[in-house]
Amino acid sequence: MAQGWYYTYVEPNYQKICEYINQEYQYVEETSATLLEFIDKMLIPYANMTYELGKDDEAILILNDGIHRLETYEEYIPYIRETIALYSYLIDIYIGKKDFMQCQNIINIIDDLCNKIHIDTSLFITNELRNYIQAML
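Residues numbered from 1 in each chain as written. Predicted model: local features only at pLDDT ≥ 70, side-chain atom pairs only at ≥ 80, totals over all residues. Heavy atoms only, no water.

## Digging into the packing of helix H1 (residues 2-10) against helix H3 (residues 35-52)
Stage number 1. The contact between H1 and H3 brings their axes to 9 Å, and the two run at 15°. By the criterion of interaxial angle, the relationship of H1 to H3 is roughly parallel. The two elements H1 and H3 cross, and the hand of that crossing is left-handed. Contacts between H1 and H3 pair Gly4, Trp5, Thr8 and Tyr9 from the former with Pro45, Asn48, Met49 and Glu52 from the latter.
Stage number 2. In the contact of H1 with H3, the residues fall into four nonpolar, three polar and one charged. (Axes fitted to C-alpha atoms, helices over the stretch in contact; angles between N-to-C directions. Helix = DSSP H or I, 4+ residues; strand = E, 2+ residues; numbered from the N terminus. Parallel < 35°, antiparallel > 145°, perpendicular 65-115°, else oblique. Left-handed = near helix turned anticlockwise from the far one by under 90°. Contact = heavy atoms within 4.5 Å. Nonpolar A, V, L, I, M, F, W, Y, C, P; charged D, E, K, R; others polar.)

This is the structure:
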């Protein structure tokens, strides 16, 4: 990942990031012990790199890929928590895009997931964020 970060911050180059990720993607997928490890090692950093270079739609696709992969494990709390984290990252992107309706839709999903596993939604969505999004609708 170091090369990806280099081409994100030091010498911004989206094409180079994509080349590096394409080389590493299958290897990381095959060597990760769990889906959670793959998401943490590959998908989240890749989404972050693309987001940092202004490729919001690409970052959204990457995060949605992770969310879709996690649906297989919807009964397991660690996987639900990871799903919530990916949705939280999506909120950040949609705030930047000023798509507050999509932010509200995602907050509703996070609320449902938190209720499912009996955890406080404020661990993921602060009241300040909720109020801000409501005010922007």
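## Some words on a nonpolar patch on the surface
Stage number 1. On the surface, a cluster of nonpolar side chains totalling about 320 Å² of accessible area is made up of Tyr6, Tyr9 and Val10.
Stage number 2. Examined against the element boundaries, Tyr6 turns out to sit in helix H1.
Stage number 3. For Tyr6, a relative accessible area of 34% translates into the label partly exposed. (Patch = residues over 30% accessible without salt bridge, like charges linked within 9 Å, V, L, I, M, F, W, Y side chains within 5 Å. Areas by Shrake-Rupley, 256 points an atom, 1.4 Å probe, with all protein chains shown as cover. Salt bridge = Lys/Arg side-chain N within 4 Å of Asp/Glu carboxyl O. Buried < 20%, exposed > 50% of the residue type's maximum accessible area, 1.4 Å probe, protein only.)

## With respect to the packing of aromatic side chains
Stage number 1. All told, the structure shown has seven aromatic pairs when counted by the stated rule.
Stage number 2. Look at Tyr6 and Tyr7: their rings are 5.0 Å apart centre to centre, the planes differ by 90°, and that puts the pair in the edge-to-face class.
Stage number 3. Judged by relative accessible area, which is 19%, Tyr7 ranks as buried.
Stage number 4. Between the aromatic rings of Tyr25 and Phe38, the centroid separation amounts to 5.3 Å while the plane-to-plane angle is 90°, which identifies the pairing as edge-to-face. (Phe/Tyr/Trp six-rings, centres within 6.5 Å; stacked < 30°, edge-to-face > 60°.)

## A closer look at the environment of Cys18
Stage number 1. Its place among the elements puts Cys18 in helix H2 (residues 14-31).
Stage number 2. Separated by 31 residues in sequence, Cys18 and Met49 have C-alpha atoms that sit 9.7 Å apart.

## Here's the deal with the packing of H3 against helix H5 (residues 77-96)
Stage number 1. Interhelical geometry of H3 versus H5 gives an angle of 0° and a closest axis separation of 12 Å. The orientation of H3 relative to H5 falls into the category roughly parallel. Together, Leu35, Leu36, Ile39, Asp40, Ile44 and Tyr51 of H3 and Pro78, Tyr79, Glu82, Leu86, Tyr89, Asp92 and Ile93 of H5 make up the contact between the two elements.
Stage number 2. Of the residues belonging to the contact of H3 with H5, the class tally is 10 nonpolar, no polar and three charged.

## Let's talk about the environment of Ile106
Stage number 1. For Ile106, the position within the fold is in helix H6 (residues 100-117).
Stage number 2. Sequence-wise, Ile106 and Leu90 are 16 residues apart; in three dimensions their C-alpha atoms are separated by 7.9 Å.
Stage number 3. Ignoring sequence-local partners within four residues, the contact set of Ile106 consists of Tyr87, Leu90, Ile91 and Tyr94.

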